[in-house]
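Descriptive structure summary
Listed below are the residues making up each chain.
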Amino acid sequence: MEKIHEECGVFGVISPNGGEDVAGMAYYGLYALQHRGQESCGIVVNDDGVFTSHKDLGLVSEVFTADTLSRLPRGNMAVGHVRYGTTGAASRNNCQPIEVNHQKGKMALAHNGNLSNAAALRNTLEMSGAIFHTTSDTETIAYIVTRERLRTPSIEDALSAAMYTLEGAYSLVLMSARKLICARDPFGFRPLCYGRTPEGLYVAASESCALEAVGAVFERDLEPGEILVFGPEGVVSRREHCGSERKRTCIFEYIYFARPDSVIDGVSVHAARLRAGRILARQHPAEADLVVGVPDSGLDAALGYSMESGIPYGIGLIKNKYIGRTFISPGQQARLDQVRIKLSAIGESVRDKRVVLVDDSIVRGTTSGRIVKLLREAGAREVHMRISSPPFLNPCYYGTDIDSREHLIACRHSVSETAEIIGADSLGYLPVSRLCSLIGGSGCCSACFDGTYPTSVPADTRKDRFERKLSERTGAGDERACDDPA
């Protein structure tokens, strides 16, 4: 909870002629999307209807070695996924893509987002006899699509029928024996785009940076509610779900989740972060000598703050890129230790300076306090913290891992109190009223900041709610279960 956790990343590729190294393309695509999920990853290859897969816990470079990739066949299609789970534990069972064998064929499904009605759907499916093998809501989507496939003439018809049942955030890449299909929920919470390589391969991905990584030229983003089918008939767009809801793209995609070189719905992530920094400089000016960004997602906003304020931009913090993100640590002391290992201050830059420190968010405040302390230990005379998002005040039900208000520092302390807790001389947040201006005023979801939810709110939002339900059913909550972590 110290930093907001990533989403997931999805990737798909189809070759009209087959025989391509689609697994290698998926590997490089997932590498470009690694920032979106670091718990697990997987690739499923379709070689003329024969599915071969490899999935495991770990980073892309850990799960897919040269030997592992060599054992995946050349084929005509592949889907891939990097995961940070907001529903379901980090386990091998929850690795994606999910594969299904049903009466009418095979399917592999990769999902980014979170269903707000996942618990209700799962309960209905279980009462009708469905047996779940995972605790992620992606399996719920797979069950519903499969159920619809048994009574519809095509897989795209099945997906369209399923979308009338699904609520919340989902960007999907689905592979059948003959088709690659992409879909984005009617609100457009999560990004999804596609492109084409010079050789004629079609590629779909969560972010445009993954298209560039495999040599594909960006074509366009999927519209909210759109289903895009790549198959023997070419590329077919289905829009029966388009326009049914007002667009609500997650604003935190632009503030933190996405890579700065990506473009989402026509808006440059880098440009959006520059605008955030400029707004901060106007709303919360400071008398200072230097503007410093917290690597990596605070750097662009810090540059924007510098450009607007005229205060010189400098490199005051260095990130060790060979250590995992702070949220991976299991305990508070480990988090603090990793912050020290992960970041170091440059004394030559900050010594005797009044520093404006720009970061993307504050959750608990622990890491922010540690970074302020690092700058002071390096000789900074003053530290004025500026945050390129508003204070987090509410849970998110659409894929961002904020499941309660309990640990959010802004829910328990005022801005001045928070500044004192983290050791800053002053603290300023981006005004919630300016959020949509980051992306040109088009519709965005800012429920975690303002409490305005586009869908109904689920009763139980705990990430491990399905594990808890299983434990209650099996009676696996006794002392022996607690003593045995397996």
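Below is a summary of the structure that appears in this document. What you see is a predicted model, and the numbers here were worked out from it, not measured in a lab.

Examining unusual backbone geometry
The step from Gln96 to Pro97 runs through a cis peptide bond, and the omega angle for that step is 5°. Mapped onto the elements of the fold, Pro97 is located in the loop between β4 (77–83) and β5 (98–102). Residues Pro295 and Asp296 are joined by a peptide bond in cis, for which omega reads 0°. Looking at where Asp296 falls in the secondary structure, it is placed in the loop between β17 (290–293) and α10 (299–309). Phi at Asp265 is positive, roughly 50°, even though this residue is not glycine. For Asp265, the location among the structural elements is in the loop between β15 (263–264) and β16 (267–268). A positive phi angle, close to 65°, is found at Asp352, a residue other than glycine. Take Asp352: it is sitting in the loop between α12 (347–350) and β20 (354–359). Since its relative accessible area comes to 54%, Asp352 is described here as exposed.

Examining the sheet that holds strand β9 (residues 193–196)
Read from one edge to the other, the open sheet built from seven strands follows the order β3-β2-β4-β1-β10-β9-β11, with strand pairing classed as antiparallel. This sheet does not close on itself; its edge strands, each paired only once, are β3 (50–57) and β11 (217–221). Between one strand axis and the next, the sheet turns through 15° on average, direction left out of account. Relative to β3, strand β2 (residues 40–47) is paired through eight bridges, and the arrangement is antiparallel. Each residue of the ladder has a partner; that of Ile43, found in β3, is His54. Relative to the sheet, helix α1 (residues 22–32) contacts β1 (8–14), β2, β4 and β10 (202–205), its axis offset from that of β2 by approximately 155°.

Side note on the packing of aromatic side chains
The geometry of an aromatic ring pair is captured by two quantities: the separation of the ring centres and the angle between the planes. The tally for this structure, following the rule as stated, stands at 15 aromatic pairs. Residues Phe252 and Phe257 carry aromatic rings whose centres are separated by 5.3 Å and whose planes lie at 85° to one another, so their mutual orientation is edge-to-face. Grouping residues by exposure puts Phe252 and Phe257 together as buried. Their ring planes at 40° and their centres at 5.0 Å tell us that Tyr397 and Tyr453 sit as a pair that is tilted. In this pair, Tyr397 is assigned in the loop between β21 (382–387) and α14 (409–412) and Tyr453 in the loop between α16 (447–450) and α17 (465–474), connecting sequence segments 56 residues apart. Through a chain of ring-to-ring contacts, three or more aromatic side chains come together here, namely Phe187, Phe189, Tyr397, Tyr398 and Tyr453. In this structure, Arg122 packs its charged tip against the face of Phe132, placed 4.1 Å from the ring centre.

Let's talk about the pairing of β17
Sheet faces and side chains relate simply in a regular strand, where the side chains alternate between the two faces. Taking every second residue as pointing to the same face, both faces of β17 are buried, with Leu290 and Val292 on one and Val291 and Gly293 on the other. Across four bridges, β17 lies against β20 in parallel orientation. Counted as the bridge partner of Gly293 is Val358 from β20.

So, the pattern of salt bridges
For the coordinates displayed, the defined rule picks out 25 salt bridges. A salt bridge links Glu156 to Lys179; its shortest N-O distance comes to 2.9 Å. With Glu156 in helix α6 (residues 155–163) and Lys179 in the loop between β7 (168–175) and β8 (180–184), this pair connects stretches of sequence that are 23 residues apart. Through salt bridges with shared partners, a single network forms among Arg36, Arg190, Glu207 and Glu253.

Considerations on the sheet that holds β8
Taken in spatial order, the six strands of this open sheet run β5-β6-β7-β8-β12-β13, and their pairing is antiparallel. The open sheet has two edge strands with one neighbour each: β5 and β13 (234–238). With direction set aside, neighbouring strand axes in the sheet form an average angle of 20°. Sheet contacts for helix α5 (residues 137–149): β5, β6 (105–115) and β7; angle to β6, the most-contacted strand, approximately 135°. The strands touched by α6 are β6, β7, β8, β12 (227–231) and β13; relative to β8, the strand with the most contacts, the crossing angle is about 15°.

A word on the side chain of Ser389
Counting through the fold element by element, Ser389 comes out in the loop between β21 and α14. According to the relative accessible area criterion, Ser389 is buried, its value standing at 0%. At 2.7 Å, the side chain of Ser389 and the backbone oxygen of Asp360 are in polar contact. Filtering out sequence-adjacent residues up to four positions away, Ser389 remains in contact with Phe252, Ile255, Asp360, Ser361, Tyr429, Leu430 and Phe449.

Conventions and cut-offs
Residues numbered from 1 in each chain as written. Predicted model: local features only at pLDDT ≥ 70, side-chain atom pairs only at ≥ 80, totals over all residues. Heavy atoms only, no water. Helix = DSSP H or I, 4+ residues; strand = E, 2+ residues; numbered from the N terminus. Buried < 20%, exposed > 50% of the residue type's maximum accessible area, 1.4 Å probe, protein only. Pairing = 2+ DSSP bridges. Axes fitted to C-alpha atoms, helices over the stretch in contact; angles between N-to-C directions. Contact = heavy atoms within 4.5 Å. Phe/Tyr/Trp six-rings, centres within 6.5 Å; stacked < 30°, edge-to-face > 60°. Lys NZ or Arg CZ within 6 Å of the ring centre and 35° of its normal. Salt bridge = Lys/Arg side-chain N within 4 Å of Asp/Glu carboxyl O. Polar contact = N/O pair within 3.5 Å; in protein donor to acceptor, adjacent residues only side chain to side chain.

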